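These are the residues of each chain, in order.
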Amino acid sequence: MRVERVSYFLEAVRRGSLRSAADALGVTQSTLSEQITALEEDLDVLLLTRTRRGVTPTSAAEVLMPQLSALVDAEAQLRERTTSLSAARPASPYNSAPI
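The shown structure was predicted, so the numbers you read here are calculated from the model rather than taken from an experiment.

A.B. asks: Would you mind going over the overall build of the chain with me for this structure?
C.D. replies: Looking only at helices and strands, the chain has 4 helices and 2 strands in total. Ordered by position from the N terminus, the helices and strands of the chain form the series α-α-α-β-β-α. Taking all 99 residues of the chain together, the buried fraction comes to 29%. Across the chain, the fraction of contacts at a sequence separation of at least 24, relative to all contacts at a separation of at least 6, is 50%. Element-wise, carbon and sulfur atoms account for 53% of the exposed surface of the chain, whose accessible area totals about 7,000 Å².

A.B. asks: Please clarify how helix H4 (residues 59-88) should be interpreted in this entry.
C.D. replies: One turn of the α-helix equals 3.6 residues, which is why residues spaced by three or four share an orientation. A rise of 1.5 Å per residue sets the reference length of H4, with its 30 residues, at 44 Å; its end C-alpha atoms lie 45 Å apart and thus fit the reference within 8%. Taken as a whole, H4 has its buried residues at Ala61, Met65, Leu68 and Val72. Those residues of H4 hidden inside the fold are in contact with helix H1 (3-15), helix H3 (29-43) and strand E2 (54-57).

A.B. asks: For this particular structure, what's the right way to read H3?
C.D. replies: An ideal rise of 1.5 Å per residue puts 21 Å on 15 residues; H3 measures up with 21 Å between its terminal C-alpha atoms. For H3, the set of buried residues is Leu32, Gln35, Ile36, Ala38, Leu39 and Glu40. Taken together, the buried residues of H3 touch H1, helix H2 (18-25) and strand E1 (48-51).

A.B. asks: I'm lost on the side chain of Gln35 in this one. Help?
C.D. replies: You can see Gln35 is positioned in helix H3. Residues within four places of Gln35 in sequence aside, it is in contact with Arg2, Arg5 and Tyr8.

A.B. asks: Can you help me understand unusual backbone geometry in this one?
C.D. replies: A negative phi holds for most residues other than glycine; trans holds for most peptide bonds. Even without being glycine, Asp44 reaches a positive phi, approximately 60°. Residue class for Asp44 comes out exposed when judged on its relative accessible area of 71%.

A.B. asks: I would appreciate a short explanation of the packing of H1 against H3 in the present structure.
C.D. replies: It is the contact of H1 with H3, at a shortest axis distance of 9 Å, that shows an interaxial angle of 110°. Judged on the interaxial angle alone, H3 and H1 are roughly perpendicular. As H1 runs across H3, the sense of the crossing is left-handed. Of the residues in H3, those touching H1 at Arg5, Val6, Tyr8, Phe9 and Ala12 are Leu32, Gln35, Ile36, Ala38, Leu39 and Asp42. Grouping the amino acids of the contact of H1 with H3 by side-chain chemistry returns 8 nonpolar, 1 polar and 2 charged.

About the cut-offs
- Residues numbered from 1 in each chain as written.
- Predicted model: local features only at pLDDT ≥ 70, side-chain atom pairs only at ≥ 80, totals over all residues.
- Heavy atoms only, no water.
- Helix = DSSP H or I, 4+ residues; strand = E, 2+ residues; numbered from the N terminus.
- Buried < 20%, exposed > 50% of the residue type's maximum accessible area, 1.4 Å probe, protein only.
- Contact = heavy atoms within 4.5 Å.
- Areas by Shrake-Rupley, 256 points an atom, 1.4 Å probe, with all protein chains shown as cover.
- Expected span 1.5 Å × (residues − 1).
- Axes fitted to C-alpha atoms, helices over the stretch in contact; angles between N-to-C directions.
- Parallel < 35°, antiparallel > 145°, perpendicular 65-115°, else oblique.
- Left-handed = near helix turned anticlockwise from the far one by under 90°.
- Nonpolar A, V, L, I, M, F, W, Y, C, P; charged D, E, K, R; others polar.

Given below as structure tokens:
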């Protein structure tokens, strides 16, 4: 399961629209839809009810959303932590320019 797919799903739920979520994320609506479908396949559960008026989370999605949100938050925290560690470590001799 890719965390990016989870982020896409959560944005679609927040906005209630695949088009609006795709615009906000800077991807096409078809890409967004494909990624959410792939997430549904990864989890083996239907997450969104899709209608002409937009999208709504299924009851299964409502149950999973706290954990999915926590996953996205944890990844963001991990990226922040690794960025700060990378900035704090001494330069590696393997990354230096040749002498």
